[in-house]
Amino acid sequence: GMKSGRDFAIDPRTSPGTIYLAGDASVGNSGTVFKSVDGGKNWREANHGLPVAKVTAIAIDPNNYDTLFAALRSKGVYKTHDGGKNWTAVNVGLPNPGKLFEKYGNKILINHFFPDVIYILDKGNGIYKTVNGGKTWKVIGKDLPKAGFNGTIHYSGSLTMDPKNSDTLYVGLYKHGVYKTIDGGESWRKISPPYIRHGGAMDIDHQDGNLYVASVPEGGEEDITNFSFGIYMSRDGGVSWQAIHRSEE
């Protein structure tokens, strides 16, 4: 049976929905990816070609719902063209796969307009990019603080893409706040004030383009000086910020 999952992806064409779940592949759980075609009532393994490993991120191509990518712990990136029936490794250009995707909360971002442009956040390691649908990858963000990646655990570390422009991305880092790129990851600059200590969960509102960032303490950090934790919003791409976790005075 299915024990637990760490990420999921939904095919919005059908009702009830088709759902893919990234499994833990723990003892008694051979399946690494599970699929439900009835909105989650029943699940079956959809993992032919996948090694048994924890799947720490999964994403569905918004342009072709039968194409998915999965990040497997210590194995690398895998792709399916047929809704999870068959998977193949797409690891060319990635660092040593044995060291990849060891933490939870990794993220795969597939562009809505250019589906061959994909970014992956590998917590603890860095960011990977492909412009050819996973045939080859390169490591981007070499000018980002390495310590910001190394420290990421539960509540820090995130990546989000501007829904209207795949060259604009924001990354959240441990003890280093939020950085932004406008050239597809070639160069980055810090956009967050000091009180946003960790860049945590992040998203952009597709309607108005507002950026939301959660900055909360990691374990044992609750009383750090000058660390104001909560949720912050920027309406102007990170130029100015406002706290939205408390009412205006």
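Residues numbered from 1 in each chain as written. Predicted model: local features only at pLDDT ≥ 70, side-chain atom pairs only at ≥ 80, totals over all residues. Heavy atoms only, no water.

A. Region of the structure containing the confidence of the model for the chain. Per-residue pLDDT for the chain has a mean of 89; in total, 90% of the residues score no lower than 70. Within the chain, the lowest mean pLDDT, 84, falls on strand E1 (residues 5–11), and the highest, 98, falls on strand E16 (residues 189–190). (pLDDT = per-residue confidence, 0-100. Helix = DSSP H or I, 4+ residues; strand = E, 2+ residues; numbered from the N terminus.)

B. Structural view of the environment of Trp137. You can see Trp137 is positioned in the loop between strand E11 (126–130) and strand E12 (138–140). For the pair Trp137 and Ile120, spaced 17 residues apart in sequence, the C-alpha to C-alpha distance is 9.9 Å. With residues up to four places along the chain from it excluded, the contact list for Trp137 reads Val77, Val90, Asn91, Val92, Gly93, Leu94, Ile118, Ile120, Tyr128, Lys129 and Thr130. From its side chain, Trp137 meets the backbone oxygen of Val90 in a polar contact 2.8 Å long. (Contact = heavy atoms within 4.5 Å. Polar contact = N/O pair within 3.5 Å; in protein donor to acceptor, adjacent residues only side chain to side chain.)

C. The arrangement of the sheet that holds E16 in detail. The strand order E13-E14-E15-E16 describes an open sheet built from four strands, whose pairing is antiparallel. With one partner strand each, in any of the chains shown, strand E13 (158–162) and E16 form the two edges of the open sheet. Bridge count for E13 against strand E14 (residues 165–173) is five bridges, and the pairing is antiparallel. Bridge pairing in E14 places Met161 opposite Leu169. (Pairing = 2+ DSSP bridges.)

D. Representation of the pattern of salt bridges. This model, assessed by the stated rule, comprises three salt bridges. Residue Asp11 is joined to Arg13 by a salt bridge in which the shortest nitrogen-to-oxygen separation is 2.7 Å. Among the residues examined, Asp11 registers a relative accessible area of 3% and is labelled buried. Sharing partners across several salt bridges, the network here consists of Asp11, Arg13 and Asp66. (Salt bridge = Lys/Arg side-chain N within 4 Å of Asp/Glu carboxyl O. Buried < 20%, exposed > 50% of the residue type's maximum accessible area, 1.4 Å probe, protein only.)

E. Here's a closer look at the pairing of strand E5 (residues 55–61). Where burial is concerned, most of E5 is hidden: seven out of the seven residues are buried. With six bridges joining them, E5 and strand E6 (residues 64–72) adopt antiparallel strand pairing. Bridge pairing in E6 places Ile58 opposite Ala70. Taking the residues between adjacent antiparallel strands as the criterion, E5 and E6 are bridged by two residues.

F. Up close: the environment of Tyr119. Summarising the element assignment, Tyr119 is placed in strand E10 (residues 118–122). On the basis of relative accessibility, which here comes to 0%, the residue Tyr119 falls in the buried class. Along the primary structure Tyr119 and Gly184 are separated by 65 residues, whereas in three dimensions their C-alpha atoms are 9.3 Å apart. Looking at Tyr119, its side chain comes within polar contact range of the main-chain oxygen of Ser166, at 2.8 Å.

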